[in-house]
Amino acid sequence: MVGNISVSISLGHADNTDLGLVVKAKNIELGTNKGGVGSAIGAYGITIQEAASSENVEHWPKVSMTDADRRATIYNATSKALKTAEGLDVKEVGFFTMGLEVRRISTWETAEEIVRAVHAHAKNAESVERIALVASSPTQVSSFQYALDNIQTVTYG
């Protein structure tokens, strides 16, 4: 629990129709560096787009390890999605991290920023009662578990 919000962590989740709002990847290019490792695949226009069956879908912004403000981008996108959920009177929100993992964002950075945003939102949450954190790797699951278990440290107090 984060405040009055129940938070669950799972590895993969194909059906998201039970969630009122989901945040997923849209057209995430494979490869993160211009001319660097992994860039050849992205150069051919191969992208990842997670399927969404939820009625309300938000997308992660384009972000990569080369972005100095990647943590703020993840935090702000999470906060924006939670505010949108409140405006739609949604009770359940899902955050899917595969796109961020494909972009090679550090799992702990992703977990810490999403948990920080959830923690901040929980102080004034009205309709959001449940958040599903859906990872695509065991490492991301572990990072979410760590961030939630150490929420006071992650949220700076």
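Residues numbered from 1 in each chain as written. Predicted model: local features only at pLDDT ≥ 70, side-chain atom pairs only at ≥ 80, totals over all residues. Heavy atoms only, no water.

A word on helix α2 (residues 70–87)
No. 1: When the terminal C-alpha atoms of α2 are compared, their 26 Å separation across 18 residues agrees well with the 26 Å that a helix rising 1.5 Å per residue should span.
No. 2: Restricting attention to buried positions, one finds in α2 the residues R70, T73, I74, Y75, A77, T78, S79, A81, L82, A85 and E86.
No. 3: Against β2 (21–24), β5 (57–59), β6 (92–96), α3 (98–102), α4 (107–122) and β7 (130–135) lie the buried residues of α2.
No. 4: Note on α2: the residue one or two positions beyond its end, D89, has a positive phi of about 60°. (Helix = DSSP H or I, 4+ residues; strand = E, 2+ residues; numbered from the N terminus. Expected span 1.5 Å × (residues − 1). Buried < 20%, exposed > 50% of the residue type's maximum accessible area, 1.4 Å probe, protein only. Contact = heavy atoms within 4.5 Å.)

Remarks on unusual backbone geometry
No. 1: One non-glycine residue, D89, lies in positive phi territory at about 60°.
No. 2: Structurally, D89 is set in the loop between α2 and β6.
No. 3: What makes D89 exposed here is its relative accessible area of 53%.
No. 4: With a phi close to 65°, R104 is a non-glycine residue in the positive phi region.
No. 5: Note that R104 resides in the loop between α3 and α4.
No. 6: Classification of R104 as partly exposed rests on a relative accessible area of 44%.

Re the sheet that holds β6
No. 1: One open sheet holds the 5 strands; their spatial order is β1-β7-β6-β2-β5, and the pairing between them is parallel. Looking at the sheet topology across the chains shown, the edges are occupied by β1 (6–11) and β5. Within the sheet, the average angular offset between the axes of one strand and its neighbour, ignoring direction, is 20°.
No. 2: One ladder, built from 5 bridges, connects β6 with β7; its direction is parallel. (Pairing = 2+ DSSP bridges. Axes fitted to C-alpha atoms, helices over the stretch in contact; angles between N-to-C directions.)

So, the pattern of salt bridges
No. 1: Across all of its chains, the model carries 9 salt bridges by this definition.
No. 2: R71 is the salt-bridge partner of E109, the closest N and O atoms lying 3.9 Å from each other. With E109 in helix α4 and R71 in helix α2, this residue pair connects regions lying 38 residues apart in the sequence.
No. 3: Accessibility expressed as a relative area gives 8% for E109, which makes it buried.
No. 4: Overall, the relative accessible area of 27% leaves R71 in the partly exposed class.
No. 5: Taken together, the salt bridges that share partners define one network made up of R70, R71, E109, E112, E113 and R116. (Salt bridge = Lys/Arg side-chain N within 4 Å of Asp/Glu carboxyl O.)

Concerning the environment of T153
No. 1: Topologically, T153 is positioned in helix α6 (residues 151–154).
No. 2: Note: C-alpha distance between T153 and E112 (41 residues apart in sequence) is 9.7 Å.

Overview of the packing of aromatic side chains
No. 1: All told, the structure shown has 1 aromatic pair when counted by the stated rule.
No. 2: Positioned above the aromatic ring of F96 is the side chain of K24, whose terminal nitrogen or guanidinium carbon lies 4.2 Å from the ring centre. (Phe/Tyr/Trp six-rings, centres within 6.5 Å; stacked < 30°, edge-to-face > 60°. Lys NZ or Arg CZ within 6 Å of the ring centre and 35° of its normal.)

Brief notes about the environment of M1
No. 1: Here M1 is to be found in the segment before β1.
No. 2: Each C-alpha atom of the pair M1 and L148 lies 8.7 Å from the other, and the pair is 147 residues apart in sequence.

A word on helix α5 (residues 138–149)
No. 1: Look at α5: 16 Å from first C-alpha to last across 12 residues, which is about the 16 Å you get at 1.5 Å a residue.
No. 2: Of all the residues in α5, the buried ones are Q140, V141, S143, F144 and A147. Down the axis of α5, the sector holding all buried residues measures 160°, keeping them to one side. Exposed and oriented more than 90 degrees from the buried face of α5 are P138 and D149.
No. 3: Where the residues of α5 are buried, they touch β1, α3, α4, β7 and α6. (Arc of directions from axis to C-beta.)

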